[in-house]
Amino acid sequence: MTTLPDQPVWELEGDLGLPDPGLLDPGPGALDRRPDRRPDVLVVGGGVTGLATAALCRRAGLGRVEVVERGRLAGGPSGRGGGILAPAPHHRTDPACLVSFGRASLDLWRQLSWEWEGELGLVPLDWLRPLPDGAPPASDLPPGAELLSPEDARDLEPRLGPGSGGLLVRDQARVHPLRLAAALARRAGAVATGVEVTGVERTAAGPPRVHTSRGDLDPGAVVLATGTAPSLPGVPPLPGQGLVKGTLVATAPAPFRLQVGVDGCGGLVFQLPDGRLVFGNTYDPLDTAPGARPEVVAATRADLDAVLRDAAGLPLSHAWSCFRPATADGLPVIDRVEELGDVWLSCGHFRTGFLMAAAGGQALANWIVSGERPAAAAPFAARRYRP
């Protein structure tokens, strides 16, 4: 097999369609340490969770908001994932609290897309799961799902592999990860990259103090949105954290258009505007090596060909890996760090980082405003991992 670059397809699309590609790496210039310019909210982490939280804090009227990121915005899983906003695939496979939070988050993404005149780039996505082993009971269907006969499934998507029928869920969505990050960055307040946070402490006066490679900051509130819980002086450790590797592939442009996204064993197949198929995000918790391993790429390719028979002749153009932050129970942590006062944590979003970023950011903004934990965030409390 030809060695493919370990770069997501999003990074190899020329100017990415961004009005200003520098939005993803503006440098540390926006960091302002003057006492009269201290941020009301400081967000640590420039992935989709941090950027959405910052944008929603500004939307909630929380004053001066700053984001600091040690690398480039969306430089981790937020720039290497598939950008899927789909709660339906988690029905019956994940806890109900996660699914309902995801549905609320998708609704909020749509509301934000409308408010911000389409800047987020949401793309509608209908989702079809082939059912080779028969249809599930009606009680197990996601809300709004429709069971299709083999004939109806094939009429909807003629390129399906062999199967006895399908489960169709409409009104899901996807995004271009880097365009989403850039759109959120435009609304996130002052954004500084190349700034590493080295510690957090609670001062005698109460507000937190954040130590960075560019000096100390004294914000009114802090949100730690760093993927996994940060290992920083002053921040209580959070057990049960880890990274789960996934692999994605993209093909050369296909001479056909898919009517829907199609689910397979290794992920969801969807199509980019230029015709390329993107597929994957496998589950490899024991693989810590960088890069997409050839045998995993080959297995992912075989699954793609089994799902879509017409994909078999398409060469792969990209294969890349993504390390997703996860917790032991698969649920994120969205909580206040009581030991530090006005410091909050949002981490461990695993396969739902894109989906949950809107509702998670809104919950944190509401919590900072009111001082009260939103009911929807209660299942994601950190106490389940702490004595």
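To be clear, the structure that these remarks concern was listed above.
Please read these numbers as outputs of a predicted model, since none were measured by experiment. (Residues numbered from 1 in each chain as written. Predicted model: local features only at pLDDT ≥ 70, side-chain atom pairs only at ≥ 80, totals over all residues. Heavy atoms only, no water.)

Chemist: Got a minute to help me understand the packing of aromatic side chains in this structure?
Modeler: Two aromatic rings, taken as a pair, are described by how far apart their centres are and by the angle between their planes. Throughout the structure, instances matching the rule amount to four aromatic pairs. An angle of 75° between the planes, with centres 6.3 Å apart, marks the rings of Trp10 and Trp320 as edge-to-face. Residue Trp10 is found in the segment before strand S1 (41-44), and its partner Trp320 is found in strand S16 (residues 316-327); the two are separated by 310 residues along the sequence. Like Trp10, the residue Trp320 is buried in the burial classification. (Phe/Tyr/Trp six-rings, centres within 6.5 Å; stacked < 30°, edge-to-face > 60°. Helix = DSSP H or I, 4+ residues; strand = E, 2+ residues; numbered from the N terminus. Buried < 20%, exposed > 50% of the residue type's maximum accessible area, 1.4 Å probe, protein only.)

Chemist: Help me understand the pairing of strand S4 (residues 123-130) in this model?
Modeler: The side chains of a regular strand alternate between both faces of the sheet. Of the strand pairs in this sheet, S4 and strand S6 (residues 166-174) are connected by seven bridges, and their pairing is antiparallel. Across the sheet, the residue bridging to Leu125 is Gln172, located in S6. Here S4 pairs with strand S13 (residues 261-264) via two bridges, running parallel. Directly across from Leu128, in S13, lies its bridge partner Val262. (Pairing = 2+ DSSP bridges.)

Chemist: Before we go on, may I ask you to explain unusual backbone geometry in this structure?
Modeler: For residues that are not glycine, phi is negative in most cases, and the peptide bond is trans in most cases. Phi angles above zero are rare outside glycine, and Asp171 is one such case at about 65°. With respect to the helices and strands, Asp171 occurs in strand S6. Under the relative-accessibility criterion, Asp171 is labelled exposed at 55%. Its identity as a non-glycine residue notwithstanding, Asn281 has a phi of 80°, on the positive side.

Chemist: Looking at this structure, how should I read the packing of helix H3 (residues 96-115) against helix H7 (residues 353-370)?
Modeler: In helix packing, the relevant descriptors are the interaxial angle and the interaxial distance, both defined with respect to the helix axes. For the pair H3 and H7, the least separation of the axes is 7 Å and the interaxial angle reads 85°. As the angle between them shows, H3 and H7 are arranged roughly perpendicular. Between H3 and H7, the residues in contact are Leu98, Phe101, Gly102, Ser105, Leu106, Leu108, Trp109 and Leu112 and Phe354, Leu355, Met356, Ala357, Ala358, Ala359, Gly360 and Gln362, respectively. In terms of residue class, the contact of H3 with H7 is made up of 12 nonpolar, four polar and no charged. (Axes fitted to C-alpha atoms, helices over the stretch in contact; angles between N-to-C directions. Parallel < 35°, antiparallel > 145°, perpendicular 65-115°, else oblique. Contact = heavy atoms within 4.5 Å. Nonpolar A, V, L, I, M, F, W, Y, C, P; charged D, E, K, R; others polar.)

Chemist: Is there a simple way to explain the sheet that holds strand S7 (residues 190-193) in this structure?
Modeler: Within a beta sheet, neighbouring strands are joined by backbone hydrogen bonds and run either parallel or antiparallel to one another. Taken together, six strands build an open sheet; the order of strands is S7-S2-S1-S11-S18-S17 and the sheet is mixed. Every interior strand has two partners, whereas the edge strands, S7 and strand S17 (333-336), have only one. Within this sheet the neighbouring strands show an average axis-to-axis angle of 15°, counted without direction. Where S17 meets strand S18 (residues 343-347), four bridges bridge the pair, whose relative direction is antiparallel.

Chemist: Would you mind showing me how to read the sheet that holds strand S8 (residues 197-202) here?
Modeler: Spatially, three strands are ordered S8-S9-S10 in an open sheet, and the strand pairing comes out antiparallel. The outermost strands of the open sheet, each flanked by one partner alone, are S8 and strand S10 (215-217). Sheet twist, expressed as the average angle between the axes of neighbouring strands with direction ignored, equals 20°. Alignment of strand S9 (residues 208-212) against S10, held across three bridges, turns out to be antiparallel. Opposite Thr212, over in S10, you have Gly215 as the bridge partner.

Chemist: Looking at this model, I keep getting lost on the pairing of S16. Mind explaining?
Modeler: Burial analysis of S16 places 10 of its 12 residues in the buried class, the great majority of the element. Across 11 bridges, strand S12 (residues 241-251) lies against S16 in antiparallel orientation. Residue pairing in the sheet places Leu248 in a bridge with Trp320 of S16.

Chemist: Just to check I follow, could you spell out the side chain of Arg174 for this structure?
Modeler: In this structure, Arg174 sits in strand S6. Reaching out from Arg174, the side chain makes a polar contact with the backbone oxygen of Gln271 at a distance of 3.1 Å. The contacts of Arg174, once residues within four sequence positions are left out, are Gly83, Ile84, Leu85, Gly121, Leu122, Val123, Leu125, Phe270, Gln271, Leu272 and Pro273. (Polar contact = N/O pair within 3.5 Å; in protein donor to acceptor, adjacent residues only side chain to side chain.)

Chemist: Hey, could you run me through H3 in this one?
Modeler: Each α-helix winds once per 3.6 residues, and so residues spaced three or four apart point in a common direction. Between its first and last C-alpha, H3 extends 29 Å over 20 residues, near the 28 Å set by a 1.5 Å rise per residue. Taken together, the buried positions of H3 are Leu98, Val99, Phe101, Gly102, Ser105, Leu106, Leu108, Trp109, Leu112 and Ser113. Looking at the buried positions of H3, the neighbouring elements they touch are helix H1 (48-59), strand S3 (84-85), S6, helix H5 (177-186), S17 and H7. Downstream of H3 by a residue or two, Glu117 has a phi angle that is positive, lying close to 55°. (Expected span 1.5 Å × (residues − 1).)

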